[in-house]
Amino acid sequence: MNILKDEPYGTTKGFLLSSAAWMVAGSLAGFIGAVEMVAPELLGNIPWIAFGRIRQIHTNLVMFGFVGSALVGAAHYLVPTLLRTPLHSERIGKASLWSWNLAITAGVVTLSLGYTQNREYAELIWPIDIGVLIVLALVFYNFLQTLRRRKENLLYVSIWYIVGSFVFTFFTYFFGNAVWNPETGSIIGIPDAVLAWFYGHNIIAFFFTTLAVAVAYYIIPIVARTPLYSHTLSLIGFWTILIMYSHIGTHHIIQAPVQTWLKVIAVTGSIGMLIPVLTVLVNLWLTMRGRLGNIHADVAGKFVFAGSVWYLLTCLQGPLQSLPSVQRLTHFTNWVVGHAHMGILGFAGMTALGGVYFILPRVTGRSLYSARLADIQYWLILIGMTGFFVVLTTAGLIQGNGWLNGEVVYRILPEIHLYMVLRASLGILIAGGAIIGLYNIFMSLYGPKGETS
Amino acid sequence: MGLKINQQGLPYLITGSLVALVLGIIVTILIPALGEPGPSKLARSYSETELRGRLIYQREGCWYCHTQQVRPPEVGIGTVQVTGDIGPETTAGDYALQKPVYWGTERQGPDLSHVASRPYGAVTEWHILHLKDPDLVNPGTVMPSYAHLPEDELEALAAYMLTLK
Ligand code: HEM
Ligand code: HEM
């Protein structure tokens, strides 16, 4: 078997399938973590899945494994399609696919053994960081070559977002992981905290958010069967997100002893983020105005639409919780965990799944194995995610209020116990959705050949 | 307008992204790093055992449940065992010698910035007992037991805890 086989859209297919598999693994890891919050002794204190470790496995798997693979796979479809030029090299694509999966697998193994740099989303140790950087560089090179030989002169806004994302992510990853410091992957003192959130923030902003927006910009007009509402708006959205989102990482540590002026930039910029967010959403929603029927007739459209609604909610909540007066209550609590799931699962994850279901039939040349299963997955995730939001936000408010009233940390645990039980239960829906998705995607790619579309 | 830029956009696009990135790094990392204060009274360098303990703290991911950052609104209010015992507000200088900094992300258990200043927290044996059987010491806690760690690792971890004054 030739793992670098040169087949049209082979890279995309590989990434989509990997994403589905990592989603199963990642949500199961999340589920284990959630169970440990409810019954710490139940799983018998196995060291390599103790909470401190499984949490890192969970975040890395769902972010890079599930959402990351799906978005990178989608980009490998969008770039050639929008430029009307075949991908420069499917072999380079395959090489990046395998290295990516190797890096993630190595990440799971090392994290479970306790090799970690302990900085959120930058936990992976140095050798794996290098692997990730190589993948990012390979992908960028492949896209750049495709761009240079392109037959389509016009660069659609999705291409803008994709190119910007890879330029940004490569350097963000490099600096954020302090790869020139292999031993610790960090610098020293408060600048280290600032750097860590420069990274944590920009990886969310310019890997997950911008790639997901690129997918939404592509799919919505096609599914709605109408041109994009405004190309000018899309450019405004692009440049403002680039300038604004890159400067506000400090909003994650507004209450840490960081210089005040830096906090001012972070809070102002966070509120300013409403500009790029709303320009994108207004543009997308005006494109689909009067055509919600079309959107919801297509399961991919449904996913992307739900993603766009979560984008609005996340980005209304985001500026709010960057205000010092709000963060004094919400910081360090489950409120933030709720926000994280809204952003990564509700917005980026659902949009990415929309991309997966949109692209699959187009790269296999036949319809999805089962549109019905995809629909069931949609509902499971939507219900699970909505539940997460309600449950985690409530738990967060209970914690925050308790602490500020001088309640003992342990006393609050019983008060949020019920919510932790609900969170774990809702996790079953999401993990179930992931398993259904894996089956459906696998069968769509390799199942018995059904009707062609 | 949009259409024209869209046609010759690639150079703008790449340069623009790089400019935004470099600006972000200069404004939000480099300039602030220049103005950092030196170590405070609480900052300390670690002995070999303490450093080992610190790395075990990192390896086990304790960081993901315990913060080391007392925020302004909770000074005098925040409670671990008795009212207000969370300790004094954290200053930038407290972190000055730490690499990496474990300031925290979610708080499942109490803040540990000043754990060694609490009566029990200055006692090595208490820490080892607590690490082995958290539920015995704090009924209802969600902290897992670390009884599987070898004795010398538990001691190193306790030694690190004692540095958190
Ligand atoms: C306008 C947009 C947004 C703003 C202003 C914003 C603001 C914030 C703030 C202030 C925090 C820190 C809260 C705290 O620790 O107290 C935060 C955390 C977080 N945000 Fe956002 N957010 C936005 C959009 C998003 C999006 C779109 C995503 C995902 C794609 C996202 C993912 C996250 C994650 C994962 C965290 C958790 C970080 C942690 O572990 O502490 N955010 N956000
Ligand atoms: C079976 C479903 C899931 C369960 C039970 C679950 C549970 C958890 C738990 C227990 C944590 C740790 C929170 C803490 O430290 O207090 C967590 C964190 C996180 N999860 Fe999940 N999760 C699930 C699915 C997902 C999915 C599908 C995604 C993304 C696509 C996701 C993204 C995240 C992120 C970004 C964090 C970090 C939160 C933060 O840093 O604030 N989770 N999850």
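Above this note sits the structure.
Anyway, here's the lowdown on the structure attached to this text. Please read all numbers here as calculations on a predicted model, not as lab measurements.

On inspection of all chains with the given rule, the structure shows 34 aromatic pairs over all chains. Relative to Phe208 of chain A, the ring of Phe207 of chain A has its centre 5.1 Å away and its plane inclined at 75°; by these criteria the two rings are edge-to-face. We note that Phe207 of chain A, like Phe208 of chain A, is buried. Measuring from centroid to centroid gives 5.0 Å for Phe238 of chain A and Trp239 of chain A, while their planes differ by 85°, and the two rings are edge-to-face. Three or more aromatic residues joined by ring pairs make a cluster, and in this case those are Trp160, Tyr161, Tyr217, Phe238 and Trp239 of chain A. Above the ring of Phe358 of chain A, the side-chain terminus of Arg362 of chain A is found at 3.7 Å from the ring centroid. Lying across the ring of Trp403 of chain A, Arg107 of chain B places its NZ or CZ 5.2 Å from the centre.

In this section: the packing of helix H6 (residues 189–224) of chain A against helix H9 (residues 274–287) of chain A. Residue and element names in this part refer to chain A. At a minimum axis separation of 9 Å, H6 and H9 run at an interaxial angle of 15°. Compared by their axis directions, H6 and H9 come out roughly parallel. Between H6 and H9 lies a crossing whose hand is left-handed. Contacts from Val213, Ala216, Tyr217, Ile220, Pro221 and Ala224 in H6 reach Val280, Asn283, Leu284 and Thr287 in H9.

Moving on: the site of ligand 2. Around ligand 2, a shell composed of 26 residues is seen, among which Arg55, His58, Glu120 and His341 of chain A together with Gln108 of chain B lie nearest. Mapping the residues near ligand 2 onto chains gives chains A and B. Contact distances for ligand 2 include 2.9 Å between an oxygen atom and a side-chain N or O atom of Tyr121 of chain A. Side-chain polar atom of Gln108 of chain B to an oxygen atom of ligand 2: 2.7 Å apart, as the coordinates give it. Elements with a minimum of two residues in the shell around ligand 2: helix H1 (10–38), helix H2 (51–83), helix H13 (334–364) and helix H15 (409–446) of chain A. For the shell around ligand 2, the leading source of residues is H2 of chain A, giving eight residues. When the residues that make up the shell around ligand 2 are grouped by side-chain class, the tally is 14 nonpolar, eight polar and four charged.

The next thing to look at is the environment of Ile271 of chain A. All names here are of chain A. Looking at where Ile271 falls in the secondary structure, it is placed in helix H8 (residues 260–272). Sequence spacing of Ile271 and Val215 is 56 residues, and the spatial spacing of their C-alpha atoms is 25 Å. Residues in contact with Ile271, not counting those within four places in the same chain, are Pro319 and Leu323.

Moving on, we get to the coordination of the iron atom of ligand 1. Its sole protein donor being His339 of chain A (NE2), the iron atom of ligand 1 sits 2.1 Å from that atom. Along the chain, the position of His339 of chain A falls in helix H13.

Here we take up the site of ligand 1. Around ligand 1 there are 26 residues in total, and Glu120, Tyr245, His251, His331 and His339 of chain A lie nearest to it. In this structure, ligand 1 sits where chains A and B come together, each supplying nearby residues. A distance of 3.3 Å is found between a nitrogen atom of ligand 1 and a side-chain nitrogen or oxygen belonging to Gln321 of chain A. At 2.7 Å from an oxygen atom of ligand 1 is found a side-chain nitrogen or oxygen belonging to His331 of chain A. Taken together, the elements giving at least two residues each to the shell around ligand 1 come down to H6, helix H11 (299–322) and H13 of chain A. Here the shell around ligand 1 gets seven residues from one element, more than from any other, and that element is H11 of chain A. Across the shell around ligand 1, the residue classes tally to twelve nonpolar, 13 polar and one charged.

All names here are of chain B. Here Gly87 is to be found in the loop between helix H3 (48–59) and helix H4 (124–132). For the pair formed by Gly87 and Ser113, sequence separation is 26 residues and the distance between their alpha carbons is 7.8 Å. Excluding its chain neighbours within four sequence positions, the residues that come into contact with Gly87 are Val70, Val75 and His114.

Contacts between the two partners involve 72 residues from chain B, matched on the other side by 82 residues from chain A. Buried surface at the junction of chain B and chain A, both sides included, amounts to about 6900 Å², of which 66% is carbon and sulfur. Note that Glu106 of chain B is salt-bridged to Arg55 of chain A, the shortest N-O span being 2.8 Å. Where the side of chain B that touches chain A is concerned, the elements lending two or more residues are helix H1 (2–7), helix H2 (9–34) and H3 of chain B. When residues in the side of chain B that touches chain A are grouped by element, the largest group, 19 residues, is from H2 of chain B.

To continue, consider H13 of chain A. Residues and elements named next belong to chain A. An ideal rise of 1.5 Å per residue puts 45 Å on 31 residues; H13 measures up with 41 Å between its terminal C-alpha atoms. Its axis deflected by about 35° at Gly349, H13 carries its strongest bend there. Of all 31 residues that make up H13, 27 are buried, and the element is covered over most of its length. The backbone nitrogen of Trp335 lies 3.1 Å from a side-chain oxygen of the residue at the head of H13, namely Thr333. Immediately beyond the C-terminal end of H13, within one or two residues, lies Gly365, with a positive phi of roughly 80°.

Time to look at helix H7 (residues 231–245) of chain A. All names here are of chain A. In this model, H7 (15 residues) spans 21 Å end to end at C-alpha, consistent with the 21 Å of a helix rising 1.5 Å per residue. Listing the buried residues of H7 in full gives Leu233, Ser234, Leu235, Gly237, Phe238, Thr240, Ile241, Leu242 and Tyr245. Backbone nitrogen of Thr232 and a side-chain oxygen of the N-cap are separated by 3.2 Å at the start of H7; the cap is Ser230.

Scanning the entire structure with this criterion turns up 16 salt bridges over all chains. A salt bridge links Arg71 of chain B to Glu74 of chain B; the nearest nitrogen and oxygen atoms lie 2.9 Å apart. You can call Arg71 of chain B buried: its relative accessible area is 1%. For Glu74 of chain B, a relative accessible area of 1% corresponds to the buried category. Salt bridges here are not isolated pairs; linked through shared partners, they connect Arg53 of chain A together with Arg59, Glu60 and Glu153 of chain B.

Calculation notes
Residues numbered from 1 in each chain as written. Chains lettered and ligands numbered in written order. Predicted model: local features only at pLDDT ≥ 70, side-chain atom pairs only at ≥ 80, totals over all residues. Heavy atoms only, no water. Phe/Tyr/Trp six-rings, centres within 6.5 Å; stacked < 30°, edge-to-face > 60°. Buried < 20%, exposed > 50% of the residue type's maximum accessible area, 1.4 Å probe, protein only. Lys NZ or Arg CZ within 6 Å of the ring centre and 35° of its normal. Axes fitted to C-alpha atoms, helices over the stretch in contact; angles between N-to-C directions. Helix = DSSP H or I, 4+ residues; strand = E, 2+ residues; numbered from the N terminus. Parallel < 35°, antiparallel > 145°, perpendicular 65-115°, else oblique. Left-handed = near helix turned anticlockwise from the far one by under 90°. Contact = heavy atoms within 4.5 Å. Near = heavy atom within 4 Å. Polar contact = N/O pair within 3.5 Å; in protein donor to acceptor, adjacent residues only side chain to side chain. Nonpolar A, V, L, I, M, F, W, Y, C, P; charged D, E, K, R; others polar. Donors = N, O, S within 2.8 Å, 3.2 Å for Na, K, Ca; no water. Buried area = accessible area lost by both parts, 1.4 Å probe. Salt bridge = Lys/Arg side-chain N within 4 Å of Asp/Glu carboxyl O. Expected span 1.5 Å × (residues − 1). Bend = angle between axes of the 7 residues up to and from the residue.

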